[in-house]
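Here are the chains, one letter per residue:
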Amino acid sequence: MNLSSTIKSIQDIMRKDDGVDGDAQRLGQLTWMLFLKVFDQREEEWEDDNPEYKSPLPEPFRWRNWAAYVAGPDGKKAPQTAPTEIISFVNDQLFPSLKELDANASPQHKVIRSVFEDANNYMKSGTQLLAVIEKLEDAINFHDFKTRANLGDVYEQMLNDLRSAGNAGEFYTPRAITQFMADRVDPRLDKREKVMDPACGTGGFLTAVIDHFRHQISTKSSAGDQRAIEELIRGIEKKQLPHLLCTTNMLLHGIDVPSQIEHRNTLGTGWNEWSPLDKVDCLITNPPFGGYEDDTVGGDYPADLRTRETADMFMALIIKKLLKENGRAAVVLPDGFLFGDGIKANLKKLLLRDCKLHTLIRLPKGVFAPYTTIKTNLLFFTRGATVDDGTEHFHTDAIWFYEHPYPPGYKSYSKTKPIRFEEFASEIEWWGSEANDFADRAENEFAWKVDFKSKREQAEAAAQPHWDRAETLNNQAAALEAQAKDLRASLAGVTDAAYREQVEAVIAELRERAEPLRLQARDAQAAGDRLYWPIYNLDLKNPNAPEEESHDPDVLLEKYKILLGQIEETENQLKSELAAALAHHFTAEASEE
């Protein structure tokens, strides 16, 4: 039985258990068991390498000593714990012990405790629990490299099953995307570049980075290169279940002590609690979008960036708090970020000002199906150096767009036809080098360049007179309001009713004159803003693509109406020209007579 079929049969067993209610609990149950089995098999490897190795788990709670099936005198494998005893053992001994491990004893102790602090055993039937263990024992051997490599397929299947249990689909990104983004950001092992995913989910981006690092190891590499990889990756995950999956994933990818995978809410850290030491050289992530944090999160963000939408909050943190100067980032974002205004426009201005947004890959629909049908984009940018001279310095002068096409014969992607890494060969060939500012790039039917600097300068020039007028009007209004305030203060202690009435009339007149000035200033500011802020709409269509022929009746009707109007306009022009020619002819004849 293959791995995928094993997982399905385990889920079928759990459905018979009265204690497991729904897909989320089934996945949670399977995941902590999978972790202990994987950890036990990794311990076998560590023991082979180091006879002095000592397990962080108390002996009775190691998988091999309570769960593994062992051969009896007759040679047949059987469980070590009776069905009548195993549930009480798990609930009353195993879980309390693992939840209370001393996190300070070693990084391994800390990892195991963090994995189990929010985990639960939902199964009530000892017989069914042993049946699940038997399946895991028979089919899952992670000493087999092929089985390890296939774990990504298992995650995808489990996450797909979990979609009905809530908004969990946010933490799966197709491996083609994670591999392409890691390849283009290109973190360097020889430079010991640190890489972070602040919303790491099950660890897809981090495993892609680990693979990318390992491809840089050669016979000339030092012994420390392999060990360094563990220290160079950092992940943070809010939810218990993906954190547990990510930790297991790290173990399977040779990260012996995945203590760099933290179980906490990145967005829950206060804006000013981030330290310069938290900044990394490379950041690759697919932040959950469409979600919202509660009122207690993000209240200390700068006023112009204050929001509770998760992807927007992550972008603010990435730009200002998580990326070093000259640090490189790749982020998955939905179309809504590209065309959004308000806080999203402020974020895009921050991005284009403080970073060099050099490449924006526009993905077609269906890449993230079945989790979402929303169109997404890959943004690649580099953090610029801070210049603090009181003026705005934009690091983005030009943005390259690349519209990723469907493969020939595809109209969308699906579970059976996912996006593949090989499809990005054209982008990789076209990419060029940031070292020469991508001078080798050329426009083609999929790629085009936007001169953002010229757009910005033209928009600023057009908007500035309106903003200047708004400032002048506001200053005039402020002067009148200041006079009114001074007159109001001068009345303190004055008891002469006639005098007070006279001054109150002047105050009322000053405020009356100030109010229309404020309204005019608001209108002038809005007029300038209407000319300036549209430059931050990055939802730009490919100017080099051939126009697609639409068969939508509404679109065709609209085109027909436009065509009729053009025909009528042409007829009227012909009539006018004919009338003018005839008039000229008759005028000439009359002159001759």
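I'd like a rundown of the pairing of strand β10 (residues 398–403), residues and numbers included.
A regular strand places its side chains on the two faces of the sheet in alternate fashion. In this sheet, β10 lies alongside strand β8 (residues 355–362) in parallel orientation, the contact comprising 4 bridges. From the neighbouring strand, L360 faces β10, where its bridge partner is F401. Here β10 pairs with strand β11 (residues 447–451) via 5 bridges, running antiparallel. Across the sheet, the residue bridging to Y402 is A447, located in β11.

Tell me what's going on with the packing of helix α17 (residues 452–490) against helix α18 (residues 497–532), and back it up with residues and numbers.
The N-to-C vectors of α17 and α18 enclose an angle of 165°; their axes lie 8 Å apart at closest approach. One element, α17, and the other, α18, form an angle in the roughly antiparallel class. The interaxial crossing formed by α17 with α18 has left-handed handedness. Its residues assigned to classes, the contact of α17 with α18 shows 22 nonpolar, 7 polar and 9 charged.

Give a description of the nonpolar core that names residues and reports values.
Counting 48 residues, the largest nonpolar core has L283, M315, L351, L357, L379, F381 and Y532 as its most contacted members. Broken down by element, the residue count for this core peaks at 9 residues, all from helix α13 (residues 310–322). Leave out the neighbours within four places in its chain, and L351 touches M315, I319, L357, L379, F381 and T396. With 45 residues, the next largest nonpolar core counts L30, L34, A67 and V115 among its residues.

Could you give an account of helix α2 (residues 23–49), with specific residues and numbers?
The first and last C-alpha atoms of α2 sit 39 Å apart over 27 residues, in line with the 39 Å expected at 1.5 Å per residue. Among the 27 residues in α2, 20 count as buried, and that is most of the element.

I'd like a description of the packing of helix α4 (residues 83–99) against helix α6 (residues 126–139), backed by residues and values.
Running from N to C, α4 and α6 cross one another at 85°; their axes reach a closest spacing of 7 Å. Taken together, α4 and α6 sit at an angle that is classed as roughly perpendicular. Mapping the contact onto sequence places P83, I86, I87 and V90 in α4 and G126, T127, L129, L130 and I133 in α6. For the contact of α4 with α6, the residue count by class is 7 nonpolar, 2 polar and no charged.

Residues and numbers for the pattern of salt bridges, please.
According to the stated counting rule, one finds 31 salt bridges in the structure shown. Put simply, E193 and R328 hold a salt bridge, and the shortest N to O gap is 2.7 Å. In this pair, E193 is assigned in the loop between α9 (175–185) and β3 (195–197) and R328 in strand β7 (residues 323–334), connecting sequence segments 135 residues apart. Take E193: its relative accessible area is 9%, and that puts it in the buried class. For R328, a relative accessible area of 18% puts it in the buried group. Across the salt bridge formed by R456 and E460, the nearest N and O atoms sit 3.6 Å from each other. In this pair, R456 and E460 are both assigned in helix α17, 4 residues apart and thus about one turn of the helix distant.

Explain the environment of A199 to me, using residue names and the numbers behind them.
Residue placement: A199 occurs in the loop between β3 and α10 (204–214). Given a relative accessible area of 14%, A199 falls into the buried group. Along the sequence, A199 and N265 sit 66 residues apart, while their C-alpha atoms lie 8.5 Å from each other. Apart from the residues within four sequence positions on either side, A199 is in contact with I236, E237, T285, P287, P288 and F314.

Cut-offs applied
- Residues numbered from 1 in each chain as written.
- Predicted model: local features only at pLDDT ≥ 70, side-chain atom pairs only at ≥ 80, totals over all residues.
- Heavy atoms only, no water.
- Pairing = 2+ DSSP bridges.
- Helix = DSSP H or I, 4+ residues; strand = E, 2+ residues; numbered from the N terminus.
- Axes fitted to C-alpha atoms, helices over the stretch in contact; angles between N-to-C directions.
- Parallel < 35°, antiparallel > 145°, perpendicular 65-115°, else oblique.
- Left-handed = near helix turned anticlockwise from the far one by under 90°.
- Nonpolar A, V, L, I, M, F, W, Y, C, P; charged D, E, K, R; others polar.
- Core = buried A, V, L, I, M, F, W, Y, C linked by side-chain atoms within 4.5 Å.
- Buried < 20%, exposed > 50% of the residue type's maximum accessible area, 1.4 Å probe, protein only.
- Contact = heavy atoms within 4.5 Å.
- Expected span 1.5 Å × (residues − 1).
- Salt bridge = Lys/Arg side-chain N within 4 Å of Asp/Glu carboxyl O.

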